[in-house]
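Next come the chains, spelled out residue by residue.
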Amino acid sequence: VQYNDLVLSELERIESITTELLSLGKPQAVTLSQTNLGRLVENTLEIMAPQAVMSNIEIEFQAPDEPIFITCEQNQVKQVFLNIIKNAMEAMPSGGEIRVELKKSGEDQCQVRFQDSGYGIPEELLPRLGEPFYTLKEKGTGLGLMICHKIIQQHHGQIHYQSKVGEGTTVTIRLKKEISSS
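Residues numbered from 1 in each chain as written. Predicted model: local features only at pLDDT ≥ 70, side-chain atom pairs only at ≥ 80, totals over all residues. Heavy atoms only, no water.

Trainee: Any chance you could explain the sheet that holds strand β7 (residues 168–176) here in plain terms?
Mentor: Backbone hydrogen bonds are what pair the strands of a sheet, in a parallel or an antiparallel way. A sheet is described by the order of its strands in space; here five strands give the open sequence β2-β4-β5-β7-β6, paired in mixed fashion. Looking at strand neighbours, the two that pair on one side only are β2 (57–62) and β6 (158–164), the edges of this open sheet. The average undirected angle you get between the axes of adjacent strands in this sheet is 15°. Sheet analysis places strand β4 (residues 96–104) next to strand β5 (residues 109–116), joined by seven bridges and oriented antiparallel. Paired with Leu 102 across the bridge in β5 is Val 112. Packed on one face of the sheet, helix α2 (residues 37–54) meets β2, β4, β5 and β7 and runs near 170° to β2. Helix α3 (residues 74–90) rests against β2, β4, β5, β6 and β7 of the sheet, and its axis sits at about 25° to β5. (Pairing = 2+ DSSP bridges. Helix = DSSP H or I, 4+ residues; strand = E, 2+ residues; numbered from the N terminus. Axes fitted to C-alpha atoms, helices over the stretch in contact; angles between N-to-C directions. Contact = heavy atoms within 4.5 Å.)

Have a look at this one:
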């Protein structure tokens, strides 16, 4: 019975790795649409809320009153947000806080910033984040952040990391926003 559980858990892990690899390799039909970025972030946070409560993690979201629109493939961008929030939660096994902030950045840019109070990442390792198969987790594949990088690049954006060991990590995503014609 003990071996069965181990085999099943390893099969699940293999399936997860295979799925991630396939999503990298196969061309996907991309449906771009004008999207209210604040609403997309809120929707993502709602998905993660039950897990946050169970993990004793408080999530705080700040956004401007005026909506910010981007042109994107909504499911892909949501996947990026989910991966980043999941990583933040895993960095806080005893609970903590995730602050998410959406704001305009110049005339044609906006940024979404995710800040956790987790254990942080040594500065010299930050440049390697997003490399295939590079991971800081015991059972990680390194493909989650690689997929995030690929999606953000496809949306002509940038992803940036700042971290201090013992204090937490901040992930900032910059994207092109729609310029209102008013």
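Trainee: Would you explain the pattern of salt bridges in this entry?
Mentor: A side chain with one charge may pair with a side chain of the opposite charge, provided their charged atoms come close. Summed over all chains, the structure comprises five salt bridges. Glu 90 serves as the salt-bridge partner of Lys 86, at 3.6 Å between the closest nitrogen and oxygen. Taken together, the residues Lys 86 and Glu 90, both in helix α3 and four residues apart, mark about one turn of the helix. Glu 90 gets classed as partly exposed once you look at its relative accessible area, which sits at 38%. In this structure, the salt-bridge partner of Asp 108 is Lys 176, at a minimum N-O distance of 3.3 Å. Placement of Asp 108 in the loop between β4 and β5 and of Lys 176 in strand β7 is noted, with a sequence separation of 68 residues between them. A relative accessible area of 29% means that Asp 108 is categorised as partly exposed. (Salt bridge = Lys/Arg side-chain N within 4 Å of Asp/Glu carboxyl O. Buried < 20%, exposed > 50% of the residue type's maximum accessible area, 1.4 Å probe, protein only.)

Trainee: Which parts of the structure should I look at to understand the side chain of Asp 116?
Mentor: Relative to the helices and strands, Asp 116 is located in strand β5. Take Asp 116: its relative accessible area is 10%, and that puts it in the buried class. From its side chain, Asp 116 meets the backbone nitrogen of Gly 118 in a polar contact 2.8 Å long. (Polar contact = N/O pair within 3.5 Å; in protein donor to acceptor, adjacent residues only side chain to side chain.)

Trainee: Looking at this structure, I do not really get the packing of α2 against α3. What am I missing?
Mentor: When two helices pack together, their arrangement is captured by the angle between the axes and the distance separating the axes. Close contact between α2 and α3 brings their axes to 10 Å; oriented N to C, the two are set at 40°. Here α3 runs oblique to α2, going by the angle between their axes. Of the two elements, α2 crosses α3, and the hand of that crossing is right-handed. Here Leu 37, Leu 40, Val 41, Asn 43, Thr 44, Leu 45, Ile 47, Met 48, Gln 51 and Ala 52 of α2 lie close against α3, whose contacting residues are Gln 74, Val 77, Lys 78, Phe 81, Leu 82, Ile 85, Lys 86 and Met 89. (Parallel < 35°, antiparallel > 145°, perpendicular 65-115°, else oblique. Left-handed = near helix turned anticlockwise from the far one by under 90°.)

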